[in-house]
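Commentary on secondary and tertiary structure
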Amino acid sequence: MDRTIARPMDLIHSSERCWRQEAVVGWFFKPTMIQHERSSSSSSSVTCRFAAGEQHLLKGILQLQAENLKGRVADKTQGFLTLLHDLGELQDMNKEIGQVVAVTTTTTEDPTMVNNGNGTNKHSCGSSNNNKNQTEAVVGYVLMMPVSLRDRISMVDTLVKNLERQNLMTPGVAYCVGGQVCVERSHRGQGLLRAMYQHHRRQLCRCYSSLVTAVSTANPTSLRAHQKIGFRILATFDDPEDTWHALLWEWNTENVE
């Protein structure tokens with residue numbers, strides 16, 4: 001697919017059409033299994049997948065965000081979040097580009113669910129023939145948006161304006177904008193951030209050539225994590241919230257993990 005388009009507005013609209021045409025595939029894109037553990041009475045796994053229309057996953061993003069905001073993190077050397085998103089913003093972003101989450105799924109035996117002898121179990125509403133309960137929790141996320149949503153978040157608008165003003169992006173080449181990222185403290189160091197970014201990349205590289213994002217200059221932990229994935233610093237800029245590094249990750253569709 002040729003992603004080089006002459007006019008900027010055509011570029012934006014073409015890229016968004018491309019994503020929407022892929023969206024049905026994207027929502028059900030095969031989850032990436034990261035971990036799987038099993039004991040005598042339970043099992044748990046961590047997978048990366050698109051949040052799609054699952055409201056409990058979007059709310060899980062907000063809960064994890066609240067726990068890691070800059071003002072609530074005691075040890076900022078472990079990283080922190082600066083921006084505060086609300087559910088409406090997440091829903092709008094999710095309509096344009098599916099948001100990737102890392103989810104733990106824990107399956108436990110339920111001793112109260114006793115087989116009736118007719119193929120169903122008590123307390124199962126007749127919908128299952130086993131005695132297992134499953135619970136899910138969001139332990140990581142990587143947000144993404146098209147350039148057309150830049151006006152919704154002032155920092156993103158400032159990022160794009162600075163890239164355009166300094167001619168740092170190749171004219172006519174489609175790119176998307178990375179938003180907030182977070183991994184729950186007990187799951188850090190296990191490759192979840194890379195796995196979530198790669199999950200996005202496998203889908204979005206059909207439509208975009210690269211990804212730009214921004215990391216606070218006061219957050220070297222996040223900067224190092226992004227550089228390990230393949231991002232490089234393009235520029236540094238200020239906005240009312242903070243001073244930021246503008247980062248670029250160029251995607252090569254021939255080497256998608």
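Okay, so let's go over this structure. This one's a predicted model, so the numbers in the text were calculated from it and none came from an experiment.

For the rest of this paragraph, the subject is the nonpolar core. Among the nonpolar cores identified, the biggest contains 36 residues, and Ile61, Val101, Tyr141, Leu159, Val177 and Val212 are the most heavily contacted of them. Excluding residues that lie within four positions of it along the chain, Ile61 makes contacts with Leu90, Val101, Val138, Tyr141 and Leu143. Formed by 30 residues, the second largest nonpolar core is a distinct cluster that contains Met144, Leu192, Cys207 and Leu247.

Before going further, it helps to spend a moment on the environment of Gly88. Tracing the backbone shows Gly88 in helix α3 (residues 87-96). Since its relative accessible area comes to 30%, Gly88 is described here as partly exposed. For the pair Gly88 and Leu58, spaced 30 residues apart in sequence, the C-alpha to C-alpha distance is 10.0 Å.

Quick look at helix α4 (residues 154-165) now. The first and last C-alpha atoms of α4 sit 16 Å apart over 12 residues, in line with the 16 Å expected at 1.5 Å per residue. Among all positions in α4, only Met155, Val156, Asp157, Leu159, Val160, Asn162 and Leu163 are buried. The elements touched by buried residues of α4 are β4 (132-145), β5 (175-183), β6 (210-216), β7 (232-238) and β8 (243-250).

Moving on: the pattern of salt bridges. Here the structure, examined in full by the defined rule, presents 7 salt bridges. With its nearest N and O atoms 3.1 Å apart, the salt bridge here joins Arg49 to Glu136. Note that Arg49 is positioned in strand β2 (residues 42-50) and Glu136 in strand β4, a separation of 87 residues in sequence. Here Glu136 falls in the partly exposed class, since its relative accessible area comes to 37%.

Quick look at the packing of aromatic side chains now. For the structure shown, the criterion picks out 4 aromatic pairs. Here the aromatic residues Tyr197, Phe231, Trp249 and Trp251 are joined through ring pairs into a cluster of three or more.

Relative orientation of the contacting elements helix α5 (residues 192-204) and helix α6 (residues 220-229) amounts to 55°, with a least axis distance of 10 Å. The angle between α5 and α6 places the two elements in the oblique class. Here the hand of the crossing between α5 and α6 comes out right-handed. Touching Leu193, Arg194 and Tyr197 of α5 are Ala225, His226, Lys228 and Ile229, all from α6. Looking at the contact of α5 with α6 residue by residue, the class counts come to 4 nonpolar, 1 polar and 2 charged.

Taken together, the 10 bridges between strand β3 (residues 100-109) and β4 define a ladder with antiparallel strand orientation. Pairing of Val103 across the sheet is with Val138, part of β4. Sheet topology note: the β4/β5 ladder contains 5 bridges and is antiparallel. By the bridge assignment, Gly140 is partnered in β5 with Val183.

The rules we used
Residues numbered from 1 in each chain as written. Predicted model: local features only at pLDDT ≥ 70, side-chain atom pairs only at ≥ 80, totals over all residues. Heavy atoms only, no water. Core = buried A, V, L, I, M, F, W, Y, C linked by side-chain atoms within 4.5 Å. Buried < 20%, exposed > 50% of the residue type's maximum accessible area, 1.4 Å probe, protein only. Contact = heavy atoms within 4.5 Å. Helix = DSSP H or I, 4+ residues; strand = E, 2+ residues; numbered from the N terminus. Expected span 1.5 Å × (residues − 1). Salt bridge = Lys/Arg side-chain N within 4 Å of Asp/Glu carboxyl O. Phe/Tyr/Trp six-rings, centres within 6.5 Å; stacked < 30°, edge-to-face > 60°. Axes fitted to C-alpha atoms, helices over the stretch in contact; angles between N-to-C directions. Parallel < 35°, antiparallel > 145°, perpendicular 65-115°, else oblique. Left-handed = near helix turned anticlockwise from the far one by under 90°. Nonpolar A, V, L, I, M, F, W, Y, C, P; charged D, E, K, R; others polar. Pairing = 2+ DSSP bridges.

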